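Structural description and commentary
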Amino acid sequence: MENMVNFQSLFGGVYKDKKVLLTGHTGFKGSWLALWLEKMGAKVYGYSLENVGLNHLDLLKLNIHQKIHDLRDFEILQQYFDEVQPEIVFHLAAQALVRSSYNDPIETFSTNVMGTLNVYEACRKTPSVKAIVNVTSDKCYENKEWNWGYRENEPMGGYDPYSASKGCAELLTASYRNSFFNNNYFGEKHNVLLASGRAGNVIGGGDWAEDRLIPDIVRATAINDSVKIRNPKATRPWQHVLEPLSGYLTLGWQLLEQNVAIADGWNFGPDNSSNLPVETIIMLSKNNWNTIGIEYSKDLNDHHEANLLMLDCSKANKLLKWKAVWGIEQTIYKTIVWYKEYYTNNKVNSIQDLEAYISDAKNAKIQWAQ
């Protein structure tokens, strides 16, 4: 299938030969984004902490330049910006787990807020930067657990430290957009456009983070164990990792094309049919790997976690011509088969999944894939 996908024509061909700095490139989303950017001919530079243990990025064997360091060290971060002179920055580096944020709230806030501040300051002091895409989370919203999706103009909030840190990061983003990268003065006082992308629960091959549903399932299944499930009724907007990445890349494309109206906040999520409880995701997973076993286990720490959270993506659907490509059954199939192939055949299906996703997007006549 590879010779059938013209990677360099995607997103208007804007990423070919572009210098792209990607924070958090060793993480789950970051590694997939690094793969996609490299295939499109971008010059990819990564800045992140080391990802210990099984690592999707290592399995991909990409030809990218990387700096392994903490982005909270502003002096070193700025030195790397000065060295690379990136044209666009995708900021994904974060402490990304709710339960970990209860254990170490200082690390969570310092990474997700002050780390983001450092990235923005480095961008502000690097004249080559023309576009910034900041990646936060659907958990940035003040969650009232109502039965409809949050829109981009809803209040920021956050019950747990992780969610609150993402709300703070969005407020910081708005502050920098107003104070330093104001859309009204683009081309006069500055030349930078800043957008943020908010996505729900993402799944896909190559995620081995602790305390996430799919990684927990496949780790247990690989050793013939049962996975412990805390909250089977919790409902989330599940989507394949490539879905929000196509949204972030669409933002970057439009920002590099100097489309000022796109410098704003955006939701990227599945349609309502993919807002499903954990127990349904487990059932669909078992359809593709029948040795999966489960065990219900109450959380003894009794930390609060949201039971219902959905996004309204009509803004991205209408103004970016963006929409999800894969339904929930295809998403689960691609995800579980990726892990099954890895654990049983030592095979990494990432490029094949990316090619299939792009082909399906092209057949669906989605704008970025044409």
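No experiment lies behind these values; they were computed from the predicted model shown.

As a further point, take the sheet that holds strand β11 (residues 265–268). Taken in spatial order, the seven strands of this open sheet run β3-β2-β1-β4-β5-β6-β11, and their pairing is parallel. The open sheet terminates on both sides in strands that have one partner only, identified here as β3 (65–68) and β11. Pairwise comparison of adjacent strand axes, ignoring direction, gives a mean angle of 20 degrees for this sheet. Pairing analysis gives five bridges linking strand β1 (residues 19–23) to strand β2 (residues 43–48), with the strands arranged parallel. Following the sheet pairing, Leu21 is matched in β2 by Tyr45. Across the sheet, helix α5 (residues 105–124) touches β1, β4 (88–91), β5 (131–135) and β6 (193–199), and the angle it forms with β4 is around 180 degrees. Of the strands in this sheet, β5, β6 and β11 are in contact with helix α6 (residues 161–179), which crosses β6 at around 160 degrees.

Once that is clear, we can look at the environment of Leu60. Structurally, Leu60 is set in helix α2 (residues 56–60). Classification of Leu60 by relative accessible area gives buried; the value is 13%. Spatially, the C-alpha atoms of Leu60 and Trp32 are 9.1 Å apart, while their sequence positions differ by 28 residues. Other than its neighbours up to four places away in sequence, Leu60 contacts Ser31, Leu35 and Ser350.

Right, let's talk about the pattern of salt bridges for a bit. Throughout the structure, instances matching the rule amount to 16 salt bridges. Between Asp211 and Arg99 there is a salt bridge, and its shortest N-O distance comes to 2.6 Å. Within this pair, whereas Asp211 is found in the loop between β7 (202–203) and α7 (213–222), its partner Arg99 is found in helix α4 (residues 98–103), the two being separated by 112 residues in sequence. For Asp211, a relative accessible area of 27% puts it in the partly exposed group. Lys139 serves as the salt-bridge partner of Asp138, at 3.9 Å between the closest nitrogen and oxygen. Its relative accessible area of 18% is what places Lys139 among the buried residues. Among the ionic contacts, a cluster of salt bridges with common partners joins Arg99, Asp211 and Arg230.

The rules we used
The written sequence of each chain sets the order in which its residues are numbered from 1. The model is predicted, so local features are restricted to residues of pLDDT at least 70 and side-chain atom pairs to those at 80 or more, both for listing and for counting; the totals for chains, interfaces and linings are taken over all residues. Excluded from the side-chain calculations are hydrogens and water; all other atoms, namely the structure's heavy atoms, are used. One bridge is not enough; two strands pair if DSSP finds at least two bridges between them. Counting from the N terminus, the helices are the DSSP runs of H or I reaching at least four residues and the strands are the DSSP runs of E reaching at least two. The axes are straight lines fitted to the C-alpha atoms, using for helices just the contacting stretch, and the angles between their N-to-C directions are given from 0 to 180°. The contact definition used throughout considers only heavy atoms, calling two residues in contact when any of these lie within 4.5 Å. Under the scheme applied here, a residue whose accessible area is under 20% of the maximum for its type counts as buried, over 50% as exposed, and between as partly exposed, the area being computed with a 1.4 Å probe on protein chains only. By convention in these notes, a salt bridge is any Lys or Arg side-chain nitrogen within 4 Å of a carboxyl oxygen on Asp or Glu.

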